[in-house]
Amino acid sequence: MKRTFSVAPMLDWTDRHYRYFARLISRQALLYTEMVTTGAIIHGKGDYLAFNEEEHPLALQLGGSNPADLAHCAKLAQARGYDEVNLNVGCPSDRVQNGRFGACLMAEPQLVAECVQAMQAVVDIPVTVKTRIGIDEQDSYGFLTDFVGTVAEAGCEVFTIHARKAWLKGLSPKENREIPELDYPRAYRLKQDFPGLNISVNGGVKSLDECEAHLQHLDGVMVGREAYQDPYMMAAVDSRLYGDDRLPLSRAEVVEQMIPYLERHIAQGGRANHVTRHMLGLFNGMPGARQWRRYLAQNAHLPGMGASVLSDALASLPESAVAA
Ligand SMILES: Cc1cc2nc3c(=O)[nH]c(=O)nc-3n(C[C@H](O)[C@H](O)[C@H](O)COP(=O)(O)O)c2cc1C
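About the thresholds
- Residues numbered from 1 in each chain as written.
- Predicted model: local features only at pLDDT ≥ 70, side-chain atom pairs only at ≥ 80, totals over all residues.
- Heavy atoms only, no water.
- Helix = DSSP H or I, 4+ residues; strand = E, 2+ residues; numbered from the N terminus.
- Rg over C-alpha atoms; globule rule 2.2 N^0.38 Å.
- Buried < 20%, exposed > 50% of the residue type's maximum accessible area, 1.4 Å probe, protein only.
- Contact = heavy atoms within 4.5 Å.
- Areas by Shrake-Rupley, 256 points an atom, 1.4 Å probe, with all protein chains shown as cover.
- Lys, Arg positive; Asp, Glu negative; His and termini not counted.
- Charge placed at Lys NZ, Arg CZ, Asp CG, Glu CD.
- Pairing = 2+ DSSP bridges.
- Axes fitted to C-alpha atoms, helices over the stretch in contact; angles between N-to-C directions.

## Some remarks on the overall build of the protein
When helices and strands are tallied, the protein shows 15 helices and 8 strands. Here the protein has a C-alpha radius of gyration of 20 Å; the compact-globule value for 324 residues is 20 Å, and the two agree. Per-residue burial over the protein gives 54% buried out of 324 residues. The contacts in the protein between residues at least 6 apart in sequence include a share of 73% that link residues at least 24 apart. Of the roughly 13,800 Å² of accessible surface on the protein, a fraction of 49% belongs to carbon and sulfur atoms. Charge-centre separation for the protein: the mean point of 32 positive side chains lies 4 Å from the mean point of 39 negative side chains.

What follows is the structure, given as structure tokens:
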């Protein structure tokens, strides 16, 4: 599995419908689930591990800090067919801090090491960590290398570094994705000091040009918001970042392939907008982008709406958007 380009775990955004859709745009990108807590998996009523086979390569992101619970969930993930299990050490929300997981775990490298060790002992798939460059006043390079060094010693070989610190008090999760300054050179330096680790950078990346620049220094780039808001930016990922020259689907072909998927979802009792809400940005930057977005936003939630909402939205676009 090559981690050159990955789509970040995003709660409420990278659900299995988005991931099915993203996979039609890039065959190679590594996709992450939303964070799923060990509590939800162990005690919840729903099936939090469900995915479509087409989504591979696919990593499950876990939230938790109890080694035994994480090991149990990692084992379930492997049995279900996930390609990787990732531990969230980056989320700053209050709710997560109360559960003592997410970014606040950066202050407890030994515990993270125990978590990683417990998971690795029971699975063969890679156990990886997504983290920040620091938390609160603990933002020196030494703090980051102590954390990464301790967790790497426990056997973790793959890290994704969101290249800004998190303020655990006073900032909302959204502000914590915008206000603390990005420091890419810190991630580059980490790779120099830990050349044996596979290190991806995350945060603020908006184009494949930027990805290529980061890849001069690092093993991979993880893109979050841009891959959601302008998903067709991923259409050139395979050729530019993986040397895979198969032609990508056009935007219209992506829509056509989503129609049978949406039909199945509706046949199983789902609503059209569960799926189409992830597709609103597909025509971004094209003539008709606003029309596409508006058509879906106004129609897909209507009771009884079928998969024809996608073909109708497509038919409402100018020819130049559909042909591109
Ligand atoms: C709506 C939303 C939900 C997110 N949920 C998660 C999550 O579940 N787990 C996680 O590690 N990060 C989460 N993040 C953070 C992203 O994974 C990523 O680190 C962050 O958005 C920075 O990357 P970007 O600038 O490319 O978006 C979330 C971000 C957004 C916008």
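## Description of the side chain of His265
Within the fold, His265 resides in helix α11 (residues 251-267). The exposure class of His265 is buried, given its relative accessible area of 10%. Leaving out residues up to four positions away in the same chain, His265 has contacts with His17, Gly270, Arg271, His274 and Val275.

## A few points about the sheet that holds strand β5 (residues 127-132)
Backbone-to-backbone hydrogen bonds pair the strands of a sheet. The strands run either parallel or antiparallel. Sheet architecture is closed into a barrel: 8 strands sit in the order β1-β2-β3-β4-β5-β6-β7-β8, paired in parallel fashion. Put simply, the sheet's adjacent strands are angled 25 degrees from each other on average, direction ignored. Pairing analysis gives 4 bridges linking β5 to strand β6 (residues 158-162), with the strands arranged parallel. In the strand pairing of β6, Arg132 is matched with His162. Helix α6 (residues 141-153) rests against β4 (84-89), β5 and β6 of the sheet, and its axis sits at about 170 degrees to β5.

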